[in-house]
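Chain by chain, the residues run as shown.
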Amino acid sequence: MEKKVTRVSPAAPVDTIENMGTPSHHKSLISLHYNEEAVDAENDGAGPAEETMTLEQRWIRDNIKMRKCKKFVEKPMDVNSDSLPPVRVPGKVSSGIQSEVEPICKCGFPRSSHDPSLSSASSAMDDWKVDSHTRSVRTNAFGTVEFLGFGENERNYVRVDVNTKMEDMMTLMMDVWGLEKPNLLISVTGGAKNFTMKQKLKEEFRRGLMKVARSTGAWIITGGTNAGVMKHVGEAVRDYGLVSASTNPIIVIGVATWGCIQNKEDLVDTECRGKWPASYRLGKKQRPKESFLDPNHTHFVLVDNGTQHQFGVEIPFRARMENSIAHLKTNTGKNAQVFVPVVLLVLEGGPGTLETAHQAVANNTPIVIVQGSGRAADILAYAYQNSTGEEIGATDQEGKTKKITQTIFEASVEAEIRNQVEENFGKKNLVSHCEMVKETLKNRDLVTVFEFSIGSRGSSKDIDRAILQALLRANKDQIFDQLKLALAWNRIDIAKSEIFTDDRFIQPNMLFEIMQSALILNRVSFVELLMDNGVNLKDFLTLKRLLKLYNHRDLIDSSSNMMQEINKNTQLYQLLDKKRKDGNEKYISLVHVGCLLQDLIGDFYTPWYLLDSKVRDLDVEYLLDGASAKSMGMPGIKKGILTMATGKKQESMVDDLTADEYQVPDFDNPFQELFLWAVLLNRQEMAKILWKGGKDATAAALVASGMLNSLSRQTDDTELAKKLKANSQEFSNLAIAVLNECYDLEERKAQSLLIRELEHWGAATCVLLAVESNNKKFISQTACQTLLNNVWMGHLSLDNEMLQLLLCVFVPPLIFPVIKFKDENSQDAIAEKNLEERAILKDKKRKLEKQRTRNSIPLKEEKEESQVHYDSKPSALSFWKMLYYFYTAPVIIFAHNVLSYVIFLGLYSYILLVKFSTDVSVEEIILIIWVFSIFAEEVRQLLSQYSIYERITIYRTSTNQNASHIVNPGASNHTQSFRGKNHSFHPPPKMLSSSTKNFNTKLNSYITDPWNIVDVATIVIFVVGIMLRFLPYEETLEAARCVMALNLVIFFFRILHIFSVHKQLGPKLVMIGRMLKDLLYFIIILMVFVVSYSIAAYSIMFPKSELSFVLIYNVMRLGYWNLYGELFLEEIEMEEPSCTGDPLLYGNSTLPRCPTAVSRYVVPILMGFYVLFCNILLLNLLIAMFSYTFEITQMDTDSIWKFMRFNTIREYCDRTPLPAPFCLISHLYLLLQQFSRKCCKQRGNKINSLIKRFPSDKARELVQWENMIADAFMNRLELEEKKNIENRVINTQESIHELFFKLDELQDLQSTTPGAQGGGHLSKTPVNINQIIKMPPQMDKRLLALEEQMQQSTVALNWIMKSLQDKEKNTKNVAPMLEDKRENEKQKKEKDRALVKNTVEERKRINYKARIPRYPQSLVKRFPVPDDKVGWEIPFPEYDPVLYEAPEVKSHPYWADTIDLVYMKPEERIGKIKFNEYDNKNKIDRKSYVGTYQVQDGLPLNPAGRTGLIGRGLLGRYGPNHCGDPVVTRWKRNEDGDLVMKEGKKVLEFVAIFRKDNELWSIPGGMCEPGQKVSQCLKAEFTEEALGSLINDNQMADKIKSDLKYMMEHGEEVYKGICDDPRNTDNAWLETVVFNYHDDTGKVLHPFLLRAGETVEAASWLEVSSSLILHSSHLYYVQLVAEKLNAYF
């Protein structure tokens, strides 16, 4: 028999375009074939100019090809046929009637589309092959396509060669088309013809599919045409995808066959430049064997093999493309990267869909079946729901027991599956289709059924959850792969429901890499979930991980710099990169971050990154890369810069450290570090989560608010600035809310929180943080104001009235009877004082311990402790103490300074008015001393800036010596420095100006207060005036008087600062300041009009004037005074003799100059317009600006005043009690005190009412209390948010939607239920309860049986009642015959079981396993052979098998033939190998167990029939390959040793192994070696696969060998013949001898141990049953054994 051979590249089927309609047509054949005229750019020299093409055009032209027929072979056609003839009918000759239609080639294209120079075949009998009769040429169809009538959106398309490299396709899609890597690939398969679904199911399918695509960033791949399942997907994109506001675009790629696209000529550009766009129109009528493209897909890949009207060309190409996409890795960071998962979505479909689903499961690809969509999908769903998964205990290679799930089909289920397949697909290939359904469900973890019914919610989330759950179930044993997938999809709901379940425990330290990726990807919910499941941030966060977060190391993809470019666009990266470049560093270090934090928060804040030596000296490049480029000869620069930056000397560096010495310490407060990172990146939700879990809730919120506010001022992006300000306000509100909650619960603790020195926040306080960040709203809160009132009054009671205080200021003796002081006898005050004393004592003890350690001096603790009396009774205030408390109260200091300043102004005014003369008076000397005292106070204020910062430095220096609060104290000593002395480090030069320890920074801090600038200006002007005063000239005295008069004015302005304390006057000062800014801008606008008018008017009035200063004065004088009503009309209208036109006269100022005659008319008109614009328009504009400023300020009057009041209170808290000029005494005392401390090397502990350091236990108590309140507040806030109106409306809408859905379902059930419209009697047709309430199939069957029994019982009871009512003894009523339900069920089971047995036998007969579409361990697809075309005796002229021989067979191992017959010519094969006899040369028996087999053209033919593949495949020998299969059986027994019975028959068990290659159970057997007997083969294979390493156990070897010997002696042959195996081909097949070794008594095999061999995964005893799914035809052999032993099957 002749056979045609086609060599193909390996490919796996993925989707099948099936059942394409071939409607009748009445057009000529010419109209049904696209006349393609492709330009071969390789041979055509008239190509387009390269310089005029884009990069995209040039790349596609150079890399993407199409195929074109190169030899015309005329195709015989039947002109009377209503449909187009097949594209390829090999061997068929038709002598059809000659017609005038153009001849068509076997490629499907007419003659005119071929190159005339091409050769033509001499006869139609010539064979035509794709590989040999087509060639690759430059593609002529690419660009963008616009679907006319479907909007103006353009979609990318390209025509590609079927053999295009997948590397080029990936480059095309991701680099040329710009698609991002997918996190999920959804391959949709199903019916290619239009089908209908229920409206609700259709809507939920579309909505759910788009939801999963949007939320996961998935790609969807379909067939791309406007029909069937592809149309449904396209409509889903149209309805829910393209209209979505999501930033993630929906990617739907259509992979279609080019030759089957209708109107494809619209896509072709003959010049191969592409079309941008191509106009594509969907016609009203579809041609046979053609389909329109779907207008709702986003991309099209049109696969071309040079043919036309040949379906399925794209299937192998699509399989390879999906396989390439599946080998990409997601862009989720290298720690959480996974290969792109693939899921197959099955919707409706026919036999091709069954084949696709079957192959997907074979490839371990999960599938999701949409139940209710019809046909194949419903059949698969029914089989899944009515089969059961039974766990089988098996022994692996190590002897451990593992559970393997086996899908069990009852006979009734198999019968129903057969009925459904026959009903939907007919009897053709019935057995093959049924077996495909069963084998698809062999691994239940890969199958998920989405059932849209009244029993489920039916919401759109269900189908997307089904898709994602299917992928997780496929990786159920790989928890971290599941987590990576959920993270890539950003589906926290899946992670909660499927991964973090109660029955799973995951080690927290194993989640660190997932946590790192979740932080980088900003997966807030995942971060919270991981922390809830045990991830400890102290263990997680290391310096290396924190540096990775700032450098985004894990997001840089080696194949694409996309993520890195995104990071460069962030504001944080730009700010840090600037500092990094200043220091010439490769990576961003924590020192750079510290400098940025100091810039954003304020100079008062010193990050510990700049103080801790470990962080400063850390070699970031070494830590991240494992290698460091050492800078040579510059070790001292780092130390010098850091000394200037941090204000302390750097200790000498230790020697170089090795790589093993790099021990990264842990952070003490990791929440704070991550919180700052999140705030800097403006990740608000992430920052809130970390804020909630950290310490110091109020301080952290204030810092975040200040940082975000600073960031908003440093960006030019308006939208970003708005977002930053909104986020800043949110954190400010959080800080205020927490503070108010604390204040409401306990006022004293709340005030302690405000002034507590924060060790983790630069030793600042909450109040200081709020002030430095200009947070007026926070300062205006009641808690802050209460604190300020207490600080303002000092030790004075708040009950004192202001009049009382003022009276005592003027009359000091009234202090004792009038003034009330705070009660220091309260328990709180005593406890607080004792705690302060303890803190001081602990500090002293710590210092003495350090001193003792260094000098070996014994510590005298008792003496120190004896100085503190904790239990001493409080005493009344003494006379001197009352005076001290009164005069040191800030309010009294303020009053004295105000009084002193008023006296000073009076003295100054008196001197200027009365005493200012050439003689120096006593009053002037006093004034000079007074001003000098003011100057001294300003100097003190400038230097006192150091007092706060010195406190921070002292605190940080002392705590840094221990470093236990920052790093792990267990770190070794040699890790104190991470760098050797030769490792140079260059901090950013910005550190020079940002340090708070140098004079420049103090000066900057000082001049930020505008009143300090006024003070400096008054002092400087006063010094200038005094200098002029003492010069011995009369003119200088007048100048001095003017200067000092001006100076007095400024001194008077300075008194406005006093008004800031007043609630009404204070905000007015702010209004004045803001209005001055408005006035400045207004003056700039005004000067444009003033200068223009003045020059124009003066040039008209007085032309040809001489340039001088007087000219400039006169010009500006005219326009400026016009604004105030001075019109100068007398000068404009002046005439002689009052003026003159003689230059000599007005030149020497004898007479004023007369204006020109024209000016008398023009200038007044010009002035009228000028005054109109300026006085009416501009001045009203100024009034409006002032009004707006006033309204804005007035709205915030209270907070402005309270904020200004804080600055005043802080200033007078630091001032000396004595006012000027007596403050010089205090200054002298402070100076002497400072000198004494310097000499004694002591640090002062100046008490500041706004900064307080609490003992560690007291501070810890405050922090815990604050965190508890913050947590309670956030929980309450979340509950309130859930209860708000918006959420209630959403929940109500969902409930109403679900209610309407259920009503619709009930209406559908009512309309479809039999007997629903009947009269009230019971319907004889049982109602399917499963349609109303979803329950397990077993329970459903039982309920149906009960319902039928109840119906029969009702009928019987009615007869009984009627009989009892009848009084006649001999009643004529005949009792109804009750049906014997059990008998009926028994008969049905026997019928179903017989059907199953027949199916097993029929499957063996039709060679089913040998025709499975995909050949094992390859991507090769067989030529499809129908069930009725298997036998060689049946004509099958279209049969074109595929040639395949595995690479390991081609390498000619010892077990394979060394002659490759299939690659020889027929005449060369003769005699090379002798068939149907014993091959003495190779010592191989080539005789078949079934008799003589045919040999055609030198190749043997498989006696079982066609397989769709020629060659040897995986088999080594041409012809029969002999093997042996031992079926070792025993009777199944229970725990008591009794036989197990089923349906009156004994249950049999047999030894089975679980194969690794196809994950199926099979009989242990194998191939016979050359010269090996079958009996030897059986023993060897059974020992190798089922016993494994047990045979080598010395203790068990003897018993096992004796048992094996006994078995072999009592074996019986069961079968001898051809084995239906997936490895079989047309020229090589397996033949086996099956022996049954049965232990009837159980003495030998009942305790028999099994262990998997090296080539198998597990071994076990399996129960013999027809529901098993076994490898090859082993189920048939087991059935034969069961029949022989009369066992249950």
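Residues numbered from 1 in each chain as written. Predicted model: local features only at pLDDT ≥ 70, side-chain atom pairs only at ≥ 80, totals over all residues. Heavy atoms only, no water.

Enquirer: Residue-level account of the overall build of the protein, with values.
Expert: In terms of regular secondary structure, the protein is built from 59 helices and 30 strands. A total of 1689 residues make up the protein; the buried ones form 51% of that total. With an accessible surface of roughly 80,700 Å², the protein has 54% of that area assigned to carbon and sulfur atoms. (Helix = DSSP H or I, 4+ residues; strand = E, 2+ residues; numbered from the N terminus. Buried < 20%, exposed > 50% of the residue type's maximum accessible area, 1.4 Å probe, protein only. Areas by Shrake-Rupley, 256 points an atom, 1.4 Å probe, with all protein chains shown as cover.)

Enquirer: If you had to explain the sheet that holds strand 7 (residues 218-222) to someone new, which residues and values would you point to?
Expert: What holds strands together in a sheet is hydrogen bonding between their backbones, with the strands either parallel or antiparallel. The mixed open sheet is built from ten strands, whose spatial order is 9-4-5-10-8-7-6-11-12-15. Two strands bound the open sheet, and with one partner strand each, they are strand 9 (275-280) and strand 15 (447-451). Each strand of the sheet is rotated relative to its neighbour by a mean of 25°, with strand direction disregarded. Bridge count between strand 5 (residues 154-161) and strand 10 (residues 299-304): six bridges; the pairing is parallel. Looking at the pairing, Arg159 lines up with Leu302 of strand 10. (Pairing = 2+ DSSP bridges. Axes fitted to C-alpha atoms, helices over the stretch in contact; angles between N-to-C directions.)

Enquirer: Could you give an account of the packing of helix 24 (residues 670-680) against helix 25 (residues 684-693), with specific residues and numbers?
Expert: Where helix 24 meets helix 25, the axes come as close as 8 Å, and the angle between the chain directions of the two elements is 160°. Classified by the interaxial angle, the pair formed by helix 24 and helix 25 is roughly antiparallel. Crossing geometry of helix 24 relative to helix 25 is assigned as left-handed. Residues Phe671, Leu674, Phe675, Ala678 and Val679 of helix 24 touch helix 25, and the partners they reach there are Met686, Ala687, Leu690, Trp691 and Gly693. When its residues are assigned to classes, the contact of helix 24 with helix 25 shows nine nonpolar, one polar and no charged. (Parallel < 35°, antiparallel > 145°, perpendicular 65-115°, else oblique. Left-handed = near helix turned anticlockwise from the far one by under 90°. Contact = heavy atoms within 4.5 Å. Nonpolar A, V, L, I, M, F, W, Y, C, P; charged D, E, K, R; others polar.)

Enquirer: Give a description of the packing of helix 32 (residues 802-810) against helix 37 (residues 890-915) that names residues and reports values.
Expert: Two numbers describe how helix 32 lies on helix 37: the axes approach to 11 Å, and their chain directions differ by 60°. Taken together, the axes of helix 32 and helix 37 lie oblique to each other. Crossing angle aside, the handedness with which helix 32 passes helix 37 is right-handed. Together, Met802, Leu805, Val809 and Phe810 of helix 32 and Val891, Ile892, Ala895, His896 and Leu899 of helix 37 make up the contact between the two elements. Among the residues making up the contact of helix 32 with helix 37, the classes are represented as eight nonpolar, one polar and no charged.

Enquirer: Got a sec to walk through the pairing of strand 22 (residues 1519-1531)? Specific residues and values, please.
Expert: For strand 22, the tally of buried residues reaches 13 of 13 residues, placing the bulk of the element in the interior. Alignment of strand 22 against strand 29 (residues 1628-1639), held across twelve bridges, turns out to be parallel. Within the sheet, the bridge partner assigned to Pro1520 lies in strand 29 and is Trp1629. Sheet topology note: the strand 22/strand 27 (residues 1566-1567) ladder contains two bridges and is antiparallel. Pairing of Gly1524 across the sheet is with Gly1566, part of strand 27.

Enquirer: Go over the state of the cysteines with me, naming the residues and quoting the values.
Expert: Tallied over the entire structure, the rule returns one disulfide. Here Cys1139 connects covalently by a disulfide to Cys1154, the sulfurs 1.7 Å from one another. Disulfide Cys1139-Cys1154: torsion about the S-S bond near 105°, hence right-handed. A residue pair is termed long-range when its members are at least 10 positions apart, and Cys1139 in the loop between helix 45 (1129-1132) and helix 46 (1143-1147) and Cys1154 in the loop between helix 46 and helix 47 (1159-1195) qualify at 15 residues. Take Cys1523: it sits in no disulfide, and the sulfur closest to it among the cysteines is that of Cys1619, at 5.6 Å. (Disulfide = S-S within 2.5 Å.)

Enquirer: Mind laying out the packing of aromatic side chains, listing which residues take part and the relevant values?
Expert: Summed over the entire model, instances satisfying the criterion amount to 36 aromatic pairs. For the ring pair Phe1089 and Phe1173, a centre distance of 6.5 Å and an interplane angle of 20° mean the geometry is stacked. Pair noted here: Phe1089 is in helix 43 (residues 1065-1101) and Phe1173 is in helix 47, with a separation of 84 residues, a long-range link. Aromatic ring contacts, followed pair by pair, group Tyr901, Phe904, Tyr908, Trp930, Phe1022 and Phe1051 into a single cluster. (Phe/Tyr/Trp six-rings, centres within 6.5 Å; stacked < 30°, edge-to-face > 60°.)

Enquirer: Go over the pattern of salt bridges with me, naming the residues and quoting the values.
Expert: Enumeration according to the criterion identifies 44 salt bridges in this entry. Asp161 serves as the salt-bridge partner of Arg67, at 3.0 Å between the closest nitrogen and oxygen. You can see Arg67 sitting in strand 2 (residues 65-69) and its partner Asp161 sitting in strand 5, a full 94 residues away along the chain. When sorted by exposure, Arg67 lands in the same class as Asp161, which is buried. For Glu1038, the salt bridge goes to Arg1041, with nearest N and O atoms at 2.8 Å. Residue Glu1038 and its partner Arg1041 are both found in helix 42 (residues 1034-1054); the two are separated by three residues, about one turn of the helix. Taking relative accessible area as the criterion, Arg1041 reaches 25% and is therefore assigned partly exposed. Linked through salt bridges whose partners overlap, the residues forming this network are Glu937, Arg940, Glu1211 and Arg1215. (Salt bridge = Lys/Arg side-chain N within 4 Å of Asp/Glu carboxyl O.)

By themselves, these observations are geometric and do not establish any function.
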